[in-house]
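# Remarks on the overall topology
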Amino acid sequence: MARYRGPVEKLERRLGVSLALKGERRLAGKSALDKRPFAPGQHGQRRAKISEYGLQLREKQKAKFMYGVSEKQFHRLFSEAARREGNTGALLVQLLEQRLDNVVYRMGFATTRRFARQLVTHGHILVNGKRVDIPSYRVEPGAKVEIAEKSKNNPQIVRAIDLTAQTGIVGWVDVEKDKKFGIFTRNPEREEVIIPIEERFIVELYSK
């Protein structure tokens, strides 16, 4: 299954949770989920009973859509997390957080992960001084991620950085806002990553 490219606010309404897919609209309380907190469609306001499998699948969908990864990419990341020693669900989240597009978003250079992915693919991002245009590139602790010189005055990037005064920046990155670069200082602990996902259901789904 390819990466989802449809209307993201309808997706959030269907899943019943904000996945940070809209930037300033979400911050201003103007997202479709805020206005219509029920599933889209004729029967959207009916309460549907969800099965155990449906719950597990929903959590996987939430993670995929939030981080903007395809089914194939997600399965590959889960398989790697399962091979490692430790809590599989927590390791999966850690691997998702190490994606370059996510790190660009976490550093406040983009208001959404989708915009961060565009910045990467269009060549606006450098990692340790070299241009990287692969959104799934894995950022290792200690890596320097910066906006390319030609893009530092991009109004969307400047606006995103300004908004970090409202949204804040996570504790596992160290950002120099004026110079538009940041250091991915360490991998986050699971309890630090505030996302509306219960990864234990994803582990149960793949363990069948």
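Before any of the text, the structure's been laid out above.
Attention here is on the structure that accompanies the text. Source: prediction; values computed, not measured.

## Here's the deal with helix α9 (residues 155–167)
Given a rise of 1.5 Å per residue, 13 residues ought to cover 18 Å, and the 18 Å separating the end C-alpha atoms of α9 matches this to within 8%. Buried within α9 are the following residues: Ile157, Ala160, Ile161, Leu163 and Thr164. End-on view of α9: buried residues confined to an arc of 160°, all on one side of the axis. The outward face of α9, more than 90 degrees from its buried face, is lined by the exposed residues Pro155, Ala165 and Gln166. You can read the cap of α9 off the contacts: a side-chain oxygen lies 2.8 Å from the backbone nitrogen of Gln156, and it is on Asn154. Looking one or two places after α9, you find Gly168, whose phi comes out positive at around 80°.

## Digging into the packing of helix α4 (residues 52–67) against helix α10 (residues 199–206)
Axis separation between α4 and α10 bottoms out at 8 Å; the angle between their running directions is 115°. With respect to their mutual orientation, α4 and α10 come out roughly perpendicular. Here the hand of the crossing between α4 and α10 comes out left-handed. Each of Glu52, Tyr53, Leu55, Gln56, Leu57, Glu59, Lys60 and Ala63 in α4 lies in contact with α10, whose residues at this interface are Phe201, Ile202, Glu204, Leu205 and Tyr206.

## Quick look at the pattern of salt bridges
Overall, the coordinates contain twelve salt bridges when judged by the stated rule. For Glu59, the salt bridge identified is with Lys62, shortest N-O distance 3.0 Å. Of the two residues, Glu59 and Lys62 are both situated in helix α4; the distance of three residues between them amounts to about one turn of the helix. On the accessibility criterion, Lys62 (8% relative accessible area) is buried. Here Lys60 and Glu71 are joined by a salt bridge, their closest N and O atoms 2.9 Å apart. Placement of the pair is Lys60 in helix α4 and Glu71 in helix α5 (residues 71–83), with a sequence separation of eleven residues. We classify Lys60 as buried; its relative accessible area is 9%. Residues joined in a network through salt bridges with shared partners are Lys60, Lys64 and Glu71.

## Here's the deal with the environment of Asn153
Locating Asn153 in the fold gives a position in the loop between β3 (143–147) and α9. Separated by 27 residues in the primary sequence, Asn153 and Lys180 place their C-alpha atoms 9.8 Å from one another.

## A short note on the sheet that holds β3
Strands sit in the order β2-β1-β3-β5-β4 across an open sheet of five strands; the sheet is antiparallel. Lying at the two open borders of the sheet, with one neighbouring strand each, are β2 (130–131) and β4 (173–176). Pairing geometry for β4 and strand β5 (residues 181–184), over four bridges, is antiparallel. Paired with Asp174 across the bridge in β5 is Ile183.

## Brief notes about the nonpolar core
As a rule of thumb, soluble globular proteins bury nonpolar side chains together. Of all hydrophobic cores here, the largest spans 46 residues; its most connected members are Tyr67, Leu92, Leu100, Val104, Met107, Ile125 and Val145. With five residues, the top contributor of residues to this core is helix α6 (residues 88–97). The residues contacting Val145, other than those within four sequence positions of it, are Leu100, Val103, Val104, Met107, Phe109, Ile125, Leu126, Val127, Val139, Phe181 and Gly182.

Procedures and definitions
Residues numbered from 1 in each chain as written. Predicted model: local features only at pLDDT ≥ 70, side-chain atom pairs only at ≥ 80, totals over all residues. Heavy atoms only, no water. Helix = DSSP H or I, 4+ residues; strand = E, 2+ residues; numbered from the N terminus. Expected span 1.5 Å × (residues − 1). Buried < 20%, exposed > 50% of the residue type's maximum accessible area, 1.4 Å probe, protein only. Arc of directions from axis to C-beta. Polar contact = N/O pair within 3.5 Å; in protein donor to acceptor, adjacent residues only side chain to side chain. Axes fitted to C-alpha atoms, helices over the stretch in contact; angles between N-to-C directions. Parallel < 35°, antiparallel > 145°, perpendicular 65-115°, else oblique. Left-handed = near helix turned anticlockwise from the far one by under 90°. Contact = heavy atoms within 4.5 Å. Salt bridge = Lys/Arg side-chain N within 4 Å of Asp/Glu carboxyl O. Pairing = 2+ DSSP bridges. Core = buried A, V, L, I, M, F, W, Y, C linked by side-chain atoms within 4.5 Å.

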